[in-house]
Each structure stands twice: as C-alpha cells, then as structure tokens.
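In case you want the letters, here they are:
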Amino acid sequence: MHRLVEISDEVCRDPLRMDRISFVRLCDLLGDLGGLSNFKHVMSVQEKVSMFLSILAHHTKNRGCLGALDGTYIEAKVPEVDKTRYRNRKGQLIVNVLGVCDTNMQFVYVLPGWEGSAVDSRVLRDAISRRNGLKIPKGNYYLADNGHPNAE
C-alpha cells in the first residue's frame, strides 16, 4: 500500500486508475461520510479501497462492462387528456428519459418521451427492442440500478 500512494502518481495510476490525491480523497470520503473503517488493525481503509479499485480495474469479470445506464425525469407540459399517463407517483407531470453512457462518460444512447408513469424496466425493454435501439452484445453489460432487469 505504501508503495502505491507514496512513490508517484504513475505507480498509483495503473492498479487504481487514479492519482494519489484522488485516491486519498476517496478514502477520506468513504471513511468520513460512508462509514468505512479500519478493521482491527489488520486492514486499513486505504487497503480496502485499493483492493476494491484493483478488482474493478483488472478483474476479468469487469471486462464486459460497456458503461452505465439510468432513467431520469424531466418536467413536461402535456395535453389535459394525457396528464394521467405522464403523472409520476409523486404527482408531477414528467417525461421518463433513458440515458446510456460508455466508460468514458459519453452518451451513446438516449431514449426520451416515455410517460412518467412508465417504470425503468419497461423503458429499457423498449430501447432494446427497437430496430435502431440500444444494442448490448452478448457477454457484455451496462451497470444499472435495481429498477432495471438483470437478464439476457
């Protein structure tokens, strides 16, 4: 651990995918705000975080990750006849928008227009089933929250 964060940014960057200052700040945030703590003088917060980041960066199970996707809501004005469909569970009139980013945080797909009452899994199914929709090659995946299905 000492070798990673004390020698140079270059030594730190390959296994952890970030420079030393960013790593120390992340560890501080996870400790102060996230409640991560040292374990019985055996494993420090920095050791835990470095192991986690190394696995994310180098473990073969993460090689198929294409990026991340999530839905968001945008307030909308809709005709009176459509208000029921566009009203979310909080009573707001909204449009449900699916956004998909690659691992460089660049949008690769956006599907706007779903009514606010539509659940995330329904919007994602629609995006995948469209002729020019979201393509996910076999063996690959996007990170998503629990509102999206984890299936083929």
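Heads up: these notes are all about the structure in this document. Model, not experiment: these values are computed from the prediction.

Calculation criteria
- Residues numbered from 1 in each chain as written.
- Predicted model: local features only at pLDDT ≥ 70, side-chain atom pairs only at ≥ 80, totals over all residues.
- Heavy atoms only, no water.
- Pairing = 2+ DSSP bridges.
- Helix = DSSP H or I, 4+ residues; strand = E, 2+ residues; numbered from the N terminus.
- Axes fitted to C-alpha atoms, helices over the stretch in contact; angles between N-to-C directions.
- Contact = heavy atoms within 4.5 Å.
- Buried < 20%, exposed > 50% of the residue type's maximum accessible area, 1.4 Å probe, protein only.

1. Structural notes on the sheet that holds strand β2 (residues 94-102)
Here comes step 1: Read across the open sheet, the 4 strands follow the order β3-β2-β1-β4; overall the sheet is mixed. Where the open sheet ends on each side, the last strands, each with one partner, are β3 (107-115) and β4 (141-143). The average undirected angle you get between the axes of adjacent strands in this sheet is 30 degrees.
Here comes step 2: On top of the sheet, helix α6 (residues 120-129) reaches β1 (65-75), β2 and β3; it is set at about 120 degrees to β3, its chief contact.

2. Regarding the side chain of Asp126
Here comes step 1: On the secondary structure map, Asp126 appears in helix α6.
Here comes step 2: Dropping the residues within four chain positions of it, Asp126 is found in contact with Leu111 and Trp114.

3. Quick notes on unusual backbone geometry
Here comes step 1: Backbone geometry at Arg17 places phi at a positive 65 degrees, although glycine is not the residue there.
Here comes step 2: With respect to the element layout, Arg17 can be found in the loop between α2 (9-16) and α3 (20-32).
Here comes step 3: With a relative accessible area of 48%, Arg17 lands in the partly exposed category.
Here comes step 4: Of note, Met105 is a non-glycine position whose phi angle comes to about 65 degrees, a positive value.
Here comes step 5: For Met105, the location among the structural elements is in the loop between β2 and β3.

4. What about the pairing of β2?
Here comes step 1: For β2, the buried fraction is high: 8 of the 9 residues fall into the buried class.
Here comes step 2: Bridge count for β1 against β2 is 9 bridges, and the pairing is antiparallel. Residue Thr72 lies in a different strand from β2, and its bridge partner there is Val97.
Here comes step 3: Pairing of β2 with β3 involves 6 bridges; the strand directions are antiparallel. In the sheet register, Leu98 faces β3, and the bridge partner there is Leu111.

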